[in-house]
Amino acid sequence: MRPPDVMRVGAAGLRTRPARALLSALGIAIGIAAVIGVVGISSSSGAELDRRLSALGTNLLTVSAGRTLLGEEAEMPLEAEAMVERIGPVESVSAAGYVETAKVYRSEEVPEAQTGGISTYAARTDLLTTVGATVRNGTWLNEATQRHPAVVLGATAARRLGIGGTGPDTQVVVGGVRFTVVGVLDPVPLAAELDSAALVGWPVAESVLGFDGHPTILYTRSAESGLEDVSAVLAATANPRAPNEIDVSRPSDALVAKQVAGQAFTGLLLGVGAVALLVGGVGVANTMVISVLERRAEIGLRRALGATRGQIRTQFLTESLLLSVLGGTGGALIGAGVTAGYALYRGWPTVVPAWAAAGGLAATLVIGALAGLYPAVRASRLSPTEALATP
């Protein structure tokens, strides 16, 4: 038979039993949709991470006070910020200092134990630009407000305190003193500690809150070409007497590590999708076996009219392949739609790798061939007299 005839004969079985064909193809469609959806969402997430890192930059290094050999909290020297600024490739440095005694409350009526996990930090006025943070409401600290009881809240801190706006009437209690909320930050991906922080000016922290002036964290931006060299000397520069008490990290590495960890979960979901494909293949095989049993008379008639065993095998194998391709195409469209919808909801770029779609369709052909092989061979082995004698 010519290829068009093979396709027409193979599709005849699907047209005569559309409901069964649709349900059988659904199993394949679910498996392919799961695979493409998982790969697509994972790829879209990776594209979003790349986009964020491109916007935020990967050249931010943090220097923080670690612990002494006795396990106590270390103290960074007062001159650490100035010394780090002298490193050649360093383009900018800013600092934040933890004010341990300044607890933050919504009002004086809140019990002392209910701090909400909010930390108070003295902040330099250039901290915002160095870490790549943005202000959601209000303004950032400036030369004027850093000397007065003004505070900028991180995104998490503002939510825990129930504060959404800013202004003279919006106040919180910091270290027993009322501070006016002048700004609320957006989440800071490269400095997550600032999300749950109340940030006050360095001078007011020293004069009102009893801050000792020692920085806790230094944020440095360096030229990409010299980033590794800067990282190697940061600890010794920040604290020459005890470089072992200084921790140096690259925040962008944490974001990448989180993405890598998420890929393990993606592998698990791909396994679930593969199982769904296997179940769908079993469904197709079952449908084809039943089709052979129900169409014995048709097979006998075709054999009596001169159809060869090879033509009978080709007919049923083609029907199985068409059934799988129908499910695979539908699954690919569903998977791409799910990826696009989820990416749109999260504000990510939509990425559906071509290899995933092509691999999914190729998998459906393999599954269709394997699922239809036994029923096709079984149909071709029926003798005309036996098949026509079937009631």
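Every chain is numbered independently, its residues counted from 1 as its sequence is written. Totals for whole chains, interfaces and linings use all residues, but because this is a predicted model, local features are given only for residues with pLDDT of at least 70 and pairs of side-chain atoms are given and counted only at 80 or more. Hydrogens and waters are ignored; side-chain quantities use all the structure's heavy atoms.

Help me out: how do you make sense of the nonpolar core in this one?
A general trend in soluble globular proteins is that nonpolar side chains are found buried together. Side-chain atoms within 4.5 Å link the members of a nonpolar core, which is a set of buried Ala, Val, Leu, Ile, Met, Phe, Trp, Tyr and Cys residues. In this scheme, a residue with accessible area under 20% of its type's maximum is buried, one over 50% is exposed, and one in between is partly exposed, where area comes from a 1.4 Å probe on protein chains only. Membership of the largest hydrophobic core comes to 39 residues, with the highest contact counts inside it found for V151 and L153. The secondary structure listing takes helices from DSSP runs of H or I that are at least 4 residues long and strands from runs of E that are at least 2 residues long, numbered from the N terminus. If one sorts the elements of this core by residue count, helix 7 (residues 227–238) sits on top with five residues. Setting aside residues no more than four positions away along its own chain, V151 makes contact with V172, F179, T180, V181, V182, G183, A198, L199 and V200. We call two residues contacting when some pair of their heavy atoms lies within 4.5 Å.

How should I be thinking about the environment of L365 in this particular structure?
On the secondary structure map, L365 appears in helix 11 (residues 354–380). Taking the C-alpha atoms as reference points, L365 and S324, 41 residues apart in sequence, are found 6.5 Å from one another.

What is the right way to read the pairing of strand 10 (residues 217–222) from this model?
Across a regular strand the side chains alternate sides, sitting on one face of the sheet and then on the other. Within strand 10, six of the six residues are buried, which leaves the element mostly enclosed by the surrounding structure. The side-chain alternation of strand 10 yields two buried faces, one formed by I217, Y219 and R221 and the other by L218, T220 and S222. Between any two strands, at least two bridges found by DSSP are needed for them to pair. Here strand 2 (residues 90–98) pairs with strand 10 via six bridges, running antiparallel. Bridge assignment links S92 to a residue of strand 10, and that residue is R221.

Can you walk me through the side chain of T170 in this structure?
Tracing the backbone shows T170 in the loop between helix 5 (155–161) and strand 7 (171–174). The contact partners of T170, leaving out residues within four places of it in the chain, are I163, G165, F179, T180 and V181.

Sorry if this is basic, but what is going on with the packing of aromatic side chains here?
Two measures describe an aromatic ring pair: the distance that separates the ring centres and the angle between the ring planes. We call Phe, Tyr and Trp rings a pair once their centres come within 6.5 Å, taking the six-membered ring for Trp, and we label the pair stacked below 30 degrees between planes, edge-to-face above 60, and tilted otherwise. Applying the stated criterion across every chain, the model contains three aromatic pairs. Aromatic pair Y98 and Y121: ring centres 5.7 Å apart, planes at 50°, arrangement tilted. With Y98 in strand 2 and Y121 in strand 4 (residues 119–123), this pair connects stretches of sequence that are 23 residues apart. Taken together, a centroid distance of 5.7 Å and an interplanar angle of 80° make the contact between Y342 and W348 edge-to-face.

Explain the confidence of the model for the protein chain here, please?
When pLDDT is low, close inspection of the predicted coordinates is not appropriate. What pLDDT reports is the predictor's confidence in each residue, on a scale of 0 through 100. Counting all residues, the mean pLDDT for the protein chain is 81, and 80% of those residues have values of 70 or more. Within the protein chain, helix 12 (residues 384–388) has the poorest average pLDDT of any element, 60, and strand 6 (residues 150–153) the best, 96.

What is the right way to read helix 7 from this model?
Given 3.6 residues per turn, any residue in an α-helix points the same way as the ones three and four places further on. To estimate how far a helix should extend, the number of its residues minus one is multiplied by 1.5 Å. Counted at 1.5 Å a residue, the expected span for helix 7 with its twelve residues is 16 Å, and the 16 Å between its end C-alpha atoms agrees. Looking only at helix 7, the buried set comprises L227, V230, L234, A235, T237 and A238. Seen from one end, helix 7 has its buried residues packed into an arc of 165°, which puts them on one side. In helix 7, the exposed positions angled more than 90 degrees off the buried face are occupied by E228, D229 and A232. Those residues of helix 7 that are buried are in contact with strand 1 (60–65), helix 3 (80–85), strand 2, strand 10 and strand 11 (246–249). By arc we mean the arc of the directions from the helix axis to the C-beta atoms, nothing more.

Where do I start with the environment of R309 in this structure?
In this fold, R309 is placed in helix 10 (residues 309–346). In this structure the C-alpha to C-alpha distance between R309 and R378, which are 69 residues apart in sequence, comes to 10.0 Å.

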